[in-house]
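Secondary and tertiary structure notes
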Amino acid sequence: MKYLNKIGSAIFGPVPISRGRALGVSERLAALTTLSSSLEYMDQHRHMDPGGLNDWEIMKRTPEARNVALRKVANVVSRKKVTLALHATRAAVSVGMLLPGNSRWRGAGNLFLSGTSCLLQARHRYGTDGSDQVANLVQSVTGVTRLAKKPETQDALLWYIGVQASMSYAISGWVKLVGDKWRDGTALPGVMRTRTYGSEPIYRLTQRHPKASKAVQHATLAMECLFPLVYVAGGRFTRPFLAAAASFHVANAFVMGLGRFMTAFPAMHPMVAYTTAPKAHPSVTGRDDRVAKAAALLLAGGVAASVTVAAQRRAIVLEGWPTSRKLVTRHGNELVYETGGPDSDAPVLVFCAGLASTSEHFAWITERFAHGSEHAVVSYARAGYAASRRNSKAPYELAESVDDLEDLVCAVVPENRKVVLVGHSLGGELIRRLAQRIPERLAGLVYLDPSHPAELQRSDRQRAGAKDLRVTLAHVARYTRLGTGILMSRPGWVDRLPPAYREKVFAQYTDARLWIAGKREWLAVEKEFTEFTGAIEPLTTPPLIIAAQQTVDQDPEQFLLYNELARAHQGHGERGGVEVIEGADHDSMLTEARYAHQAAQLMTEFLAAGRRSDEADAVAAHEGGSER
């Protein structure tokens, strides 16, 4: 029993390390990382030559070079001789940091190494990795810690690295856990098959022993996801978790060729050991833990603020617009829609948005028609998007959205008024299906970069992107459900919409409902498009197909599909066809004013041609009646 207690204490006991010892081990491991990094760059100096991987004439076009002051500094530092001199100096300082000593001058050495890492970042955009970033972080903190005079300040900085390490492992683990490959055990074999990080012998082992391979992956997930447990139970879990993490990095070094990982990430481990030991332990006597309590309070405050912001954005999403109205469809879904424009006998434009987007994406076009034409407009959010609610309990199929759209048209547009359906992306497929049901009510169809039911079968690009889109929608839906939408950066296209729409669209973009609805729809799209056989059924409604240039340039098959869609509309040679907006891509054709206005102009010409055609038909009919 005595020996068992000793073994248990050796495995599940705190790591006895003092502040000074933790600082010294960390800075030396970081110095080893910097030393190997600089020696590698010096050995591979040919990559800095013209045409090389790190040719500065190419590298200086990176985003960092946009700042004039930074560009001037980078131009000086990035001369090959200067770069090599810096690396030689870094190597010498790194060797000096490995020598015994505990003076404050070591702080200057650490700061020199971290500062030159920042200077050389733009120069070595290709070649740096996570290990360099971790070493830079550790050297910055250890440098300031060495120069700090108060123990309280030093402890605060060591706590920072300890918590940072814990968060790094945990976040990495939970991100892996979300992906299917780590859960089903295919991630490791997949990585081992790659040229960059793979290993043929290890790959063969994973195939020979799939259960063991899966166990290793699940153990890695457990280690990373549960790493914050080092801060509970008085540091009893510190040893096993640090041993597992260090073994993981050693394996990365020898199997994947990530040699610097073996020293960079373990450089944070001494700080973890120091901050996880019970305060009563002799090695950490006098440790100041106030920063940990402050961090916990900040975290709690951050969570509270996040919940408040998320709730506020959800309220913005659900409130609709002052002019919004509601319709309950045959499926029990509640559609929120808006109307605008003059009361005339001209056809009413009904807009149907694409996947993971809402009616506000049409803002430039709807504003132009509502305030500058004789056409009224109707725009709406499909069930589950924006303020619209999906109450149907049946498995989702695209036919449900077509039914909803039909109910909307029949309820909102008077029977004596013709309708022009306008659909972007998936919305184009939905309006095509509705056109087969109510041709007598339609004056035309406008497709904006529409989906085609055969695209997943005939377009290599669409087929290759389908799986990525499914995974992306699933991941974003899952993350935003957890309230992480407040961490999403504001995409540039949001601020290219009309100003009055931007905040509401951004609130929709960061809200889980949009991504959940998008995921639901995409699963149905994949199933139905994959099972599609034959040709598109003939349609009698005049069409206008507007394509984005980048769409058809990047995927010529898509242009063929658009022309096939146009030919399905029988008997409308002059009025039907495919128009291309130069420079636009799939989304910017709506969100950028210049492209959206071009689309609106093409639509205006299409509608005018329809009006002239109707008038000519009426005159011909009248003359024919007179002759009789």
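Residues numbered from 1 in each chain as written. Predicted model: local features only at pLDDT ≥ 70, side-chain atom pairs only at ≥ 80, totals over all residues. Heavy atoms only, no water.

Take the overall build of the chain next. When you go through the chain residue by residue, the secondary structure sums to 27 helices and eight strands. Viewed in the frame of its principal axes, the chain has a C-alpha envelope of about 115 × 60 × 50 Å. Residues classed as buried in the chain amount to 45% of the 628 residues present. For the chain, the share of sequence-separated contacts (at least 6 apart) that also reach a separation of at least 24 residues comes to 77%. Distance between charge centres in the chain, computed from 75 positive and 62 negative side chains, equals 15 Å. (Helix = DSSP H or I, 4+ residues; strand = E, 2+ residues; numbered from the N terminus. Buried < 20%, exposed > 50% of the residue type's maximum accessible area, 1.4 Å probe, protein only. Contact = heavy atoms within 4.5 Å. Lys, Arg positive; Asp, Glu negative; His and termini not counted. Charge placed at Lys NZ, Arg CZ, Asp CG, Glu CD.)

This part covers helix H6 (residues 105-119). In this model, H6 (15 residues) spans 21 Å end to end at C-alpha, consistent with the 21 Å of a helix rising 1.5 Å per residue. Those residues of H6 lying buried are Arg106, Gly107, Gly109, Asn110, Leu113, Ser114, Thr116 and Ser117. Looking at the buried side of H6, the elements it contacts are helix H2 (19-43), helix H5 (80-98) and helix H7 (130-147). (Expected span 1.5 Å × (residues − 1).)

Two elements, strand E1 (residues 325-328) and strand E2 (residues 334-340), share four bridges in a ladder whose sense is antiparallel. Bridge pairing in E2 links Val328 to Glu334. Between E1 and E2, which pair antiparallel in sequence order, lie five residues; one of them, Gly332, sits at a positive phi of approximately 85 degrees. (Pairing = 2+ DSSP bridges.)

Bringing the packing of aromatic side chains into the picture now. Evaluated as defined, the whole model comprises eight aromatic pairs. Note on Tyr169 and Phe227: the rings are 4.5 Å apart at their centroids and 35 degrees apart in plane angle, and the pair reads as tilted. Taken together, the residues Tyr169 in helix H8 (residues 151-178) and Phe227 in the loop between helix H12 (210-225) and helix H13 (238-256) connect sequence positions 58 residues apart. You'll find Tyr169 and Phe227 in the same group, each marked buried. Relative to Phe265, the ring of Phe261 lies with its centre 5.2 Å away and its plane at 40 degrees, an arrangement referred to as tilted. (Phe/Tyr/Trp six-rings, centres within 6.5 Å; stacked < 30°, edge-to-face > 60°.)

With that settled, consider the environment of Leu561. Topologically, Leu561 is positioned in helix H25 (residues 556-568). For the pair formed by Leu561 and His452, sequence separation is 109 residues and the distance between their alpha carbons is 6.7 Å.

On to the pattern of salt bridges, then. Using the criterion set out here, one finds 34 salt bridges in the structure. Lys176 is paired through a salt bridge with Glu224; the nearest N and O atoms lie 3.0 Å apart. One end of the pair, Lys176, is in helix H8; the other, Glu224, is in helix H12, and 48 residues separate them in sequence. Just as Lys176 is buried, Glu224 falls in that class too. With its nearest N and O atoms 3.2 Å apart, the salt bridge here joins Glu406 to Arg330. Here the residue Glu406 occupies a position in helix H18 (residues 398-412), and Arg330 occupies one in the loop between E1 and E2, the gap between them amounting to 76 residues. Look at Arg330 and you get partly exposed, because its relative accessible area is 49%. The network of salt bridges with common partners includes Arg330, Asp403, Glu406, Asp407 and Arg437. (Salt bridge = Lys/Arg side-chain N within 4 Å of Asp/Glu carboxyl O.)

Right, let's get into the environment of Val77. For Val77, the location among the structural elements is in helix H4 (residues 68-77). In this structure the C-alpha to C-alpha distance between Val77 and Leu119, which are 42 residues apart in sequence, comes to 7.2 Å.

A few words now on the pairing of strand E4 (residues 377-380). Side chains Val377 and Ser379 of E4 all project onto a buried face; the interleaved residues Val378 and Tyr380 project onto the opposite face, where all are buried too. Two strands pair when backbone bridges link them, and E2 and E4 are joined in this way by four bridges, in the antiparallel orientation. By the bridge assignment, Thr339 is partnered in E4 with Val378. Where strand E3 (residues 348-352) meets E4, three bridges bridge the pair, whose relative direction is parallel.

Now for the sheet that holds E1. Strands pair in a sheet through their backbones, by hydrogen bonds, and they do so in one of two ways: parallel or antiparallel. The eight strands are arranged E1-E2-E4-E3-E5-E6-E7-E8 in an open sheet whose pairing can be described as mixed. For this open sheet the edge positions go to E1 and strand E8 (578-581), each flanked by a neighbour on one side alone. On average, each strand axis in the sheet is tilted by 25 degrees relative to the strand beside it, whichever way the strands run. (Axes fitted to C-alpha atoms, helices over the stretch in contact; angles between N-to-C directions.)

Moving on, we get to the nonpolar core. By size, the foremost hydrophobic cluster in this structure holds 56 residues, and its most contacted members are Val350, Leu398, Leu405, Leu408, Val409 and Leu421. Here this core gets seven residues from one element, more than from any other, and that element is helix H23 (residues 512-531). Excluding its chain neighbours within four sequence positions, the residues that come into contact with Leu408 are Leu327, Leu335, Tyr337, Val378, Tyr380 and Val413. The next biggest cluster of nonpolar side chains, apart from the first, holds 32 residues, and it includes Val138, Leu157, Met256 and Phe261. (Core = buried A, V, L, I, M, F, W, Y, C linked by side-chain atoms within 4.5 Å.)

In the contact formed by H8 and helix H21 (residues 460-481), the axes pass within 10 Å of each other and the chain directions differ by 130 degrees. The orientation of H8 relative to H21 falls into the category oblique. Residues Trp174, Val175 and Val178 of H8 form the contact with H21, whose own contacting residues are His475, Arg478 and Tyr479. Split into classes, the residues belonging to the contact of H8 with H21 amount to four nonpolar, one polar and one charged. (Parallel < 35°, antiparallel > 145°, perpendicular 65-115°, else oblique. Nonpolar A, V, L, I, M, F, W, Y, C, P; charged D, E, K, R; others polar.)

To continue, consider the packing of H2 against helix H15 (residues 269-276). Between H2 and H15, the shortest axis-to-axis distance is 8 Å and the interhelical angle comes to 165 degrees. With respect to H15, the axis of H2 lies roughly antiparallel. Where H2 crosses over H15, the handedness of that crossing is left-handed. Across the interface between the two elements, Arg19, Ala22, Val25 and Ser26 of H2 pack against Pro270, Met271 and Tyr274 of H15. Broken down by class, the residue content of the contact of H2 with H15 amounts to five nonpolar, one polar and one charged. (Left-handed = near helix turned anticlockwise from the far one by under 90°.)

A grouping of Val163, Met167, Ile171 and Val175 is seen on the molecular surface, where their side chains present a nonpolar patch of about 330 Å² in accessible area. Take Met167: it is sitting in helix H8. (Patch = residues over 30% accessible without salt bridge, like charges linked within 9 Å, V, L, I, M, F, W, Y side chains within 5 Å. Areas by Shrake-Rupley, 256 points an atom, 1.4 Å probe, with all protein chains shown as cover.)

Tracing the backbone through its elements, the reader meets Gln217 in helix H12. Given a relative accessible area of 1%, Gln217 falls into the buried group. Once residues within four sequence positions are removed from consideration, Gln217 is found in contact with Lys181, Trp182, Gly185, Thr186, Ala187, Leu188 and Pro189.

It is worth spelling out the side chain of His452 at this point. Structurally, His452 can be placed in the loop between strand E6 (442-448) and helix H20 (455-458). You can call His452 buried: its relative accessible area is 2%. Of note is the side chain of His452, whose polar atom sits 3.2 Å from the side chain of Glu564. Residue contacts for His452: discarding those within four places in its chain leaves Phe529, Ile536, Leu561, Glu564 and Leu565. (Polar contact = N/O pair within 3.5 Å; in protein donor to acceptor, adjacent residues only side chain to side chain.)

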